[in-house]
Amino acid sequence: MELNAEYTSLVAVGDSFTEGMSDLLPDGSYRGWADVLATRLAARTPGFRYANLAVRGKLIGQIVDEQVDAAAALRPDVVTLVGGLNDTLRPKCDMGMVRGRLEEAVERLAPSCKKLVLMRSPGRNGPVLERFRPRMEDLFSLVDDLAARHGAEVVDLYGAPALADPRMWDVDRLHLTAEGHRRVAEAVWQQLGLPEESDWRTPLPPSAPPRWTARRVEDVRFARRHLFPWIGRRLTGRSSGDGRAGAQFSTELGRAFWVTPADAGNPGPVSGWRRADADA
């Protein structure tokens, strides 16, 4: 790892975890760890460029088919790739296919960038994780192997107990809160060899557990707003990402594009950055 390295560009590839759900901004857009990381990198590197191609609900095959070539074409300094977890959470999952497509993604992305960053995704404690844990750990074992073979970095979020704290997760129980995303950004920042600004592994302060009645009310609310719609999409073959493209992907042009801060001295949220290509 090169310490205190300079990075002039970043492309983020993946699903809802990288798109930024559920780190919601006042304007209704999502920020997430990748945007937080981009803003921090831009603050130390004039002319920094960024593209987030991630789309919620995408399976690993869709990520490879729709995002990987677009990311590789930009020839960035850094690519982050997080995918395959949506596959492992499906009732039926072909892990052989998942392994093959993830390996394909790494083989195509690694030569296109100076540094490829992979992740062992965080997991919230509970019955859902326990049911799918063997698949997840199979996926993470492959991530470790691919990183070793291709010289990629691995950010181990799965091995951080602080990120399993229910308070790090939004009401949908599938996506991190703003604090969770901030910690992931710090974890990637440190993995890139940049100076530590906080200890992202530090547990949250102890708090009194919610009462039984409050938990049951929250369970009912969760089932109505999130669980039942999720099951409905699975049964009908739909996805929350249907018809969506990455924030910096032009469906008209069929390619990704860069954004860069309008004010290099004060980058601000990525949602306020300007396009940096000739077609802006």
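Draft legend 1. Region of the structure containing the overall build of the protein. Looking only at helices and strands, the protein has eight helices and nine strands in total. Counting every position in the protein, which comprises 280 residues, the buried fraction comes to 50%. A separation of at least 24 residues holds for 73% of the contacts in the protein among residues at least 6 apart in sequence. Of the roughly 13500 Å² of accessible surface on the protein, 52% is carried by carbon and sulfur atoms.

Draft legend 2. Molecular detail of the environment of Ala-38. As for its placement among the helices and strands, Ala-38 is situated in helix H2 (residues 32-44). Given the relative accessible area of 0%, Ala-38 is considered buried. The sequence separation of Ala-38 and Ala-185 amounts to 147 residues, and the corresponding C-alpha distance is 8.9 Å. Residues in contact with Ala-38, not counting those within four places in the same chain, are Leu-10, Phe-48, Tyr-50, Val-270 and Trp-273.

Draft legend 3. Main features of unusual backbone geometry. Phi at Arg-75 is positive, roughly 50°, even though this residue is not glycine. Following the sequence through the fold, Arg-75 ends up in the loop between helix H3 (60-73) and strand E3 (78-82). Residue class for Arg-75 comes out exposed when judged on its relative accessible area of 54%.

Draft legend 4. Structural view of the nonpolar core. Core analysis: the biggest nonpolar cluster contains 37 residues, and Trp-33, Tyr-50, Met-119, Leu-157, Val-184 and Val-188 have the highest contact counts within it. Elements that contribute at least two residues to this core include exactly strand E1 (9-14), H2, E3, strand E4 (115-120) and helix H7 (178-191). Element by element, the count of residues in this core is highest for H2, at seven residues. With residues near it in sequence (within four places) discarded, Trp-33 still touches Phe-17, Thr-18, Thr-80, Val-82, Met-119, His-181, Val-184, Ala-185 and Val-188. Core analysis: the next-biggest nonpolar cluster, separate from the first, contains 36 residues, Leu-109, Leu-118, Phe-140 and Tyr-158 among them.

Draft legend 5. Representation of helix H5 (residues 95-109) within the structure. Taking 1.5 Å of rise per residue, 15 residues should cover 21 Å, and H5 covers 21 Å from first to last C-alpha, within 8% of that figure. Here H5 has its buried residues at Met-95, Val-98, Arg-101, Leu-102, Ala-105, Val-106 and Leu-109. Down the axis, H5 shows its buried residues gathered within 140° of arc, on one side only. Its side-chain oxygen at 3.1 Å from the backbone nitrogen of Gly-96, Asp-94 defines the N-terminal cap of H5.

Draft legend 6. Local environment of the packing of aromatic side chains. Per the stated rule, a full pass over the model turns up three aromatic pairs. Look at Phe-17 and Trp-33: their rings are 5.9 Å apart centre to centre, the planes differ by 40°, and that puts the pair in the tilted class. Note that Phe-17 is positioned in helix H1 (residues 16-19) and Trp-33 in helix H2, a separation of 16 residues in sequence. Directly above the ring of Trp-189 sits Arg-40, whose terminal nitrogen or CZ lies 4.1 Å from the centroid.

Draft legend 7. Up close: the pairing of E1. Across the six residues that make up E1, a large majority, six, are buried. Burial of E1 is two-sided: the residues Ser-9, Val-11 and Val-13 facing one way and the residues Leu-10, Ala-12 and Gly-14 facing the other way are all buried. Judged from the four bridges that link them, E1 and strand E2 (residues 49-52) form a sheet pairing that is parallel. Looking at E2, one finds that Leu-10 is bridged to Tyr-50. Both E1 and E3 contribute to a ladder of five bridges, which runs parallel. Across the sheet, residue Leu-10 finds its bridge partner in E3, namely Val-78.

Reading the values: rules and limits
- Residues numbered from 1 in each chain as written.
- Predicted model: local features only at pLDDT ≥ 70, side-chain atom pairs only at ≥ 80, totals over all residues.
- Heavy atoms only, no water.
- Helix = DSSP H or I, 4+ residues; strand = E, 2+ residues; numbered from the N terminus.
- Buried < 20%, exposed > 50% of the residue type's maximum accessible area, 1.4 Å probe, protein only.
- Contact = heavy atoms within 4.5 Å.
- Areas by Shrake-Rupley, 256 points an atom, 1.4 Å probe, with all protein chains shown as cover.
- Core = buried A, V, L, I, M, F, W, Y, C linked by side-chain atoms within 4.5 Å.
- Expected span 1.5 Å × (residues − 1).
- Arc of directions from axis to C-beta.
- Polar contact = N/O pair within 3.5 Å; in protein donor to acceptor, adjacent residues only side chain to side chain.
- Phe/Tyr/Trp six-rings, centres within 6.5 Å; stacked < 30°, edge-to-face > 60°.
- Lys NZ or Arg CZ within 6 Å of the ring centre and 35° of its normal.
- Pairing = 2+ DSSP bridges.

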